[in-house]
Each structure stands twice: as structure tokens, then as C-alpha cells.
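One letter stands for each residue in the lines below.
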Amino acid sequence: MKQSNLTWWQEARFGMFIHWGVYSIPGRGEWLFYQEHFPVEEYAQLAQQFNPMHYDPHEWIAVAKDAGMKYIVLTTRHHDGFCLFDSKVSDFTAPKTGAGRDLIAEFVEACRAEKMKFGFYYSLMDWRFPGTRPHLPVQPDSTYVSAVEQAHAQIRELCTNYGPIDILWYDGMHPGKPELWRSEQLNAMVRQLQPNILINNRAGTPEDFGTPENVITPESRPWEACYTMNRTWGYARYDRNYKSAIEIVRLLTTCVAENGNLLLNIGPDGEGRFPIESVEILRHVGCWMRMNAEAIYGAGMAPFGAPALGVASRKGNNVYLLIQRWPGSTVPLAWCGSKVKSARLLSTGQFARIEQTGDRVWLHALPEYPPDPIMSVIELAFDGEPRASSPAYC
Ligand code: GLC
């Protein structure tokens, strides 16, 4: 993988994940088929009802942009096998059922028009083939073989029919053996068809980035934590358990401070509408992002910070203190091996008075109470690359 392909993605830091399919109609999450043990034919009827009149990818993109998200990853098909795209090797697709249109083509066209980077999520397992269901043992003659063939054919379609794609986001590799899915061969084909694509690690080969799920476990290579906004990926009408804007900004800043990305999920309803709660929360996140963008985009791990108060990021000659626990009018920090030139609150532009003794620093004359209700950020500027006084600190 060429580093240049990763550059935009690592600078972007914040993306939107969208789980959407026929399971969004009943609204009991994306594992419905499996959890409620649907017969294949009965589940297939949902596709006839799937005609999302409110689907407008331009609106989705507008919400993502307003929240400061720089790319969108959409489920082209989930574990139920239903494709939002046109496929010659399956009839269980949006164009051939209720919707009568290629919803991925519309998404791609909108992303291109709005200059939004995008990715395709694709589930390898397809529960219509019992050989790919999680609890069944793998038989040499089991139906997973046809599922593997179908996956190879559909990945080829996705990589051929929609122009350049930024990301391929695999999921659901069951049986869990890359040899059975012929993952290396699959990815060689993808890279040939899409030379600039980024591929995640979930087809069982390491590829370009790691994907911790609902947890932040930093990796030494590029990584992206994916998180639900409530408790479910697909739309669940009963799930009002939303994370607040504060929690989301904490997740994002924790990722950035560890050189990672955050891919935050939304589950639109069966009509294609984002739940209003998600939109409202993202609006608050967006307000925060507009004021504090410098601390996020293109930023990564800082050499020192104020760990008792929050996390820190660094970009160029600046360190950003991302303060979750505001200490009052003086902010202390230590292990600072460079001379602080200036310290400024990003939300108000106010400068602090700096006192520095060796590697200990006090930022005075700041507000008594947190100046930003979501998270207050102080930008420390240095003349050169900021360094810790002791390498042991990091
Ligand atoms: C899991 C779940 C799936 C979800 C995914 C997102 O693999 O099976 O429903 O799409 O995680 O990371």
C-alpha cells in the first residue's frame, strides 16, 4: 500500500458509517434475519416492501459534512445478503425488488457531486447460505462455497461499475478462514481494479487498517474505531440510548490522540431517513468541530499533555490540550521539553498568561469555568517541533 493513499484518510480522522437495508423496515436491528430465525422466503418479502421514498443521499452527505465528517462508508450489503446495488449474480437486490433502483449508484453520484470520499461496506457472509451462518460447522461441501463465489463476483461488480472507490470495508467473514474465502486472491483483484483503494482487515488479511469495534484499542499501524451512536448498527425503533455530543467528541479526540480515526454509525429507517436524535446530536458535534478543527484534522499523537485533565493531539509545531476536566483559571502541564510561545483557547481566541519553569508549565488567566460545554481546547504554539523533556513520558 502506498502511503499517499492513506494520507487523506489519516488526515480526515472522522467518518460516517451507515447501516441500511431491508432490516431497517421492521426496525429491530440488522441481525433480525438470524436472531428471529426467519425462513429465507419470508425474509425475502421484506425486499418487496423496501421502497425508500425519503432516500436522498445529498441530505445524508449534508448531515455528515455539517458534523465535520470527511468520508462515508455505506453497507452495500449486510449479513442478510440483500444488495443495495445491481448484481448479475443475485436477485435479492434493490433494483430487482420493491425499490426498483440502484441505491448505491445514487449514493456514489451524490458523493461525487458533493466531493465526499466514500467507502463500500460488504459482508462476506450471507445468511441465505447456511454454510456462512455463525453457529454451523463448516462442511467441505457446504453452501459456503457458493457464497464465496458470489462474494468474489459481487466485489468485482462493485469495483467495476461505480468508478473509483475510496474504501472497501469488509465484514462478517464466516467461516473465519481467509483461505476459504480466497481473500488474497480477492484483494489482488480489488487492487488491480481500484489501484487507490484502502481495504480494511476484516477479510482476514492485514491490508491497510485495523477496525476495533465499539472499543478504542490503539494499534501501531493505521486504525479506525467504529462505534454505534446508540446501541445498534441498523435502525432500531426502540433504541433511544444515544451517546451525547460530549461522549462522541471524547471518543473522537481519544482516537486522534492515539493516531486513529473514528467511524461513527447512523442507522436510517426503512424510508431512508436518519433518526432525528442522531441528526440533532451530530449538529452539536459539528458546532464543536468548526471551532476546534485544527486539533483534529491532520493531527495525531502529542509528545506530552495534561493527562489528568484530558488527552492531547499535535499538528506541526502545535500541541492541543483537549480538556475534559477543566481545572479552573490555571491549567498545569508538565514534561514539556520545548518553550511554549503562546497558549490560546480555540473556542474564544483568548490567550493565557504563560509561566514556565523547566519542563513544568502553568497557563494562567483562563476562565474559572469550562469555556466550551463540550470540550475546551487550548492550542500551545512552539517555535519548532514540540518535544517531551523525557522520552520516558511517552
Ligand atoms: C459486526 C456486526 C455487524 C456490524 C459490524 C460493524 O460485525 O455483525 O452487524 O455491521 O460489526 O462493525
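Scroll up a little and you will see the structure.
Residues numbered from 1 in each chain as written. Predicted model: local features only at pLDDT ≥ 70, side-chain atom pairs only at ≥ 80, totals over all residues. Heavy atoms only, no water.

Undergrad: Where do I start with the overall build of the protein in this structure?
TA: The number of helices and strands found in the protein is 10 helices and 15 strands. Its C-alpha radius of gyration of 23 Å places the protein within 12% of the 21 Å reference for a compact globule of 394 residues. Each principal axis of the C-alpha distribution contributes one length, and for the protein these read about 70 × 40 × 40 Å. The long-range share in the protein, meaning contacts at least 24 apart out of those at least 6 apart in sequence, stands at 70%. Within the structure as shown, the protein displays about 16,100 Å² of accessible surface, and the carbon and sulfur contribution to it stands at 52%. If you average the places of the 37 positive and of the 43 negative side-chain charges in the protein, the two averages end up 5 Å apart. (Helix = DSSP H or I, 4+ residues; strand = E, 2+ residues; numbered from the N terminus. Rg over C-alpha atoms; globule rule 2.2 N^0.38 Å. Contact = heavy atoms within 4.5 Å. Areas by Shrake-Rupley, 256 points an atom, 1.4 Å probe, with all protein chains shown as cover. Lys, Arg positive; Asp, Glu negative; His and termini not counted. Charge placed at Lys NZ, Arg CZ, Asp CG, Glu CD.)

Undergrad: Honestly, the site of the ligand in this entry has me stumped. Any pointers?
TA: Taken together, 13 residues sit near the ligand, with His19, Glu30, His78, His79 and Glu213 positioned nearest. Between His78 and the ligand, the recorded distance is 2.8 Å, taken from a side-chain N or O atom to an oxygen atom. For the ligand, an oxygen atom lies 2.9 Å from a polar atom in the side chain of His79. Here the ligand is seated within the second largest pocket. The residue makeup of the shell around the ligand, split by class, is six nonpolar, three polar and four charged. (Near = heavy atom within 4 Å. Polar contact = N/O pair within 3.5 Å; in protein donor to acceptor, adjacent residues only side chain to side chain. 1 Å grid on protein atoms, 1.4 Å probe; cavity = no way out; pocket = protein on both sides within 12 Å on 5 of 7 lines; lining within 4 Å. Sits in = over half its atoms within 2 Å of the grid points. Nonpolar A, V, L, I, M, F, W, Y, C, P; charged D, E, K, R; others polar.)

Undergrad: I tried to follow the layout of surface pockets on my own but got confused; where do I start?
TA: Any empty space left between the atoms is revealed when a probe the size of a water molecule rolls over them. In this model, the second largest pocket occupies a volume close to 220 Å³. Classifying every residue of the lining of the second largest pocket gives six nonpolar, six polar and five charged. (Points joined across faces, edges and corners; volume = space filled by probe spheres on them.)

Undergrad: Even after reading the chapter, I still don't get empty space enclosed by the protein, so can you show me in this structure?
TA: Per the stated rule, a full pass over the model turns up one cavity of 30 Å³ or more. In this structure, the largest cavity occupies an estimated 70 Å³ of space. What lines the largest cavity is a set of 13 residues, among which Asn230, Thr232, Tyr242, Gly267 and Pro275 lie closest to the centre. Of the residues that constitute the lining of the largest cavity, the class distribution is seven nonpolar, six polar and no charged.

Undergrad: What is the right way to read the pattern of salt bridges from this model?
TA: One side chain can pair with another of opposite charge once the charged atoms of both are near each other. For the structure on display, the rule yields 19 salt bridges. Across the pair Lys65 and Glu114 runs a salt bridge whose closest N-O atoms are separated by 3.9 Å. With Lys65 in helix H4 (residues 57–66) and Glu114 in helix H5 (residues 103–114), the pair connects residues that are 49 residues apart, well separated along the chain. Linked through salt bridges whose partners overlap, the residues forming this network are Arg77, Asp126 and Arg128. (Salt bridge = Lys/Arg side-chain N within 4 Å of Asp/Glu carboxyl O.)

Undergrad: Explanation requested: the side chain of Asn230 in the structure shown.
TA: Along the chain, Asn230 falls in the loop between strand S6 (224–227) and helix H9 (245–257). We classify Asn230 as buried; its relative accessible area is 10%. A distance of 3.3 Å separates the side chain of Asn230 from the backbone nitrogen of Thr232, its partner in a polar contact. At a separation of 3.3 Å, a polar atom in the side chain of Asn230 contacts the main-chain carbonyl oxygen of Asp239. When residues no more than four places from it in sequence are discounted, the contact partners of Asn230 are Asp239, Asn241, Tyr242 and Lys243. (Buried < 20%, exposed > 50% of the residue type's maximum accessible area, 1.4 Å probe, protein only.)

Undergrad: Please clarify how helix H6 (residues 144–161) should be interpreted in this entry.
TA: Because each turn of an α-helix spans 3.6 residues, side chains separated by three or four positions in sequence point in the same direction. End to end, H6 covers 25 Å across 18 residues, agreeing with the expected 26 Å (1.5 Å per residue, within 8%). In the stretch just after H6, Gly163 is the one whose phi turns positive, near 70°. (Expected span 1.5 Å × (residues − 1).)

Undergrad: What should I look at first to understand the environment of Pro175 in this one?
TA: Among the structural elements, Pro175 can be located in the loop between strand S4 (167–171) and helix H7 (178–181). Accessibility expressed as a relative area gives 2% for Pro175, which makes it buried. Sequence-wise, Pro175 and Pro134 are 41 residues apart; in three dimensions their C-alpha atoms are separated by 7.3 Å.

Undergrad: Please explain the sheet that holds strand S5 (residues 198–199) as it appears in this structure.
TA: What holds strands together in a sheet is hydrogen bonding between their backbones, with the strands either parallel or antiparallel. The strand order across the open sheet formed by seven strands is S5-S4-S3-S2-S1-S7-S6, and the pairing between neighbours is parallel. Each edge of the sheet is formed by a strand with only one pairing partner; in this case those strands are S5 and S6. Seen against the sheet, H6 touches strand S2 (71–77), strand S3 (117–123) and S4 and runs at an angle of roughly 165° to S3. Its contacts with the sheet place H9 against strand S1 (14–18), S6 and strand S7 (261–266), and it is angled at close to 150° to S7. (Pairing = 2+ DSSP bridges. Axes fitted to C-alpha atoms, helices over the stretch in contact; angles between N-to-C directions.)

Undergrad: Explain the sheet that holds strand S13 (residues 353–357) here, please?
TA: Pairing within the open sheet is antiparallel, and its three strands lie in the order S11-S14-S13. Two strands lie at the open edges of the sheet, namely strand S11 (331–333) and S13, each paired on one side alone. Strand-to-strand twist in this sheet, taken as the mean axis angle between neighbours without regard to direction, amounts to 15°. Relative to strand S14 (residues 360–364), S13 runs antiparallel, the two sharing five bridges. In the sheet register, Glu355 faces S14, and the bridge partner there is Trp362.

Undergrad: Is there a simple way to think about the packing of H9 against helix H10 (residues 276–292) in this case?
TA: To describe two helices that pack against each other, one gives the angle between their axes and the distance between the axes. Packing of H9 against H10 leaves a shortest axis separation of 9 Å and a crossing angle of 50°. Overall, the two elements H9 and H10 adopt an arrangement that is oblique. Handedness of the H9/H10 crossing: right-handed. Each of Ala245, Ile248, Val249, Leu252 and Thr253 in H9 lies in contact with H10, whose residues at this interface are Ile281, His284, Val285, Trp288 and Met289. Per-class residue counts for the contact of H9 with H10 are eight nonpolar, two polar and no charged. (Parallel < 35°, antiparallel > 145°, perpendicular 65-115°, else oblique. Left-handed = near helix turned anticlockwise from the far one by under 90°.)

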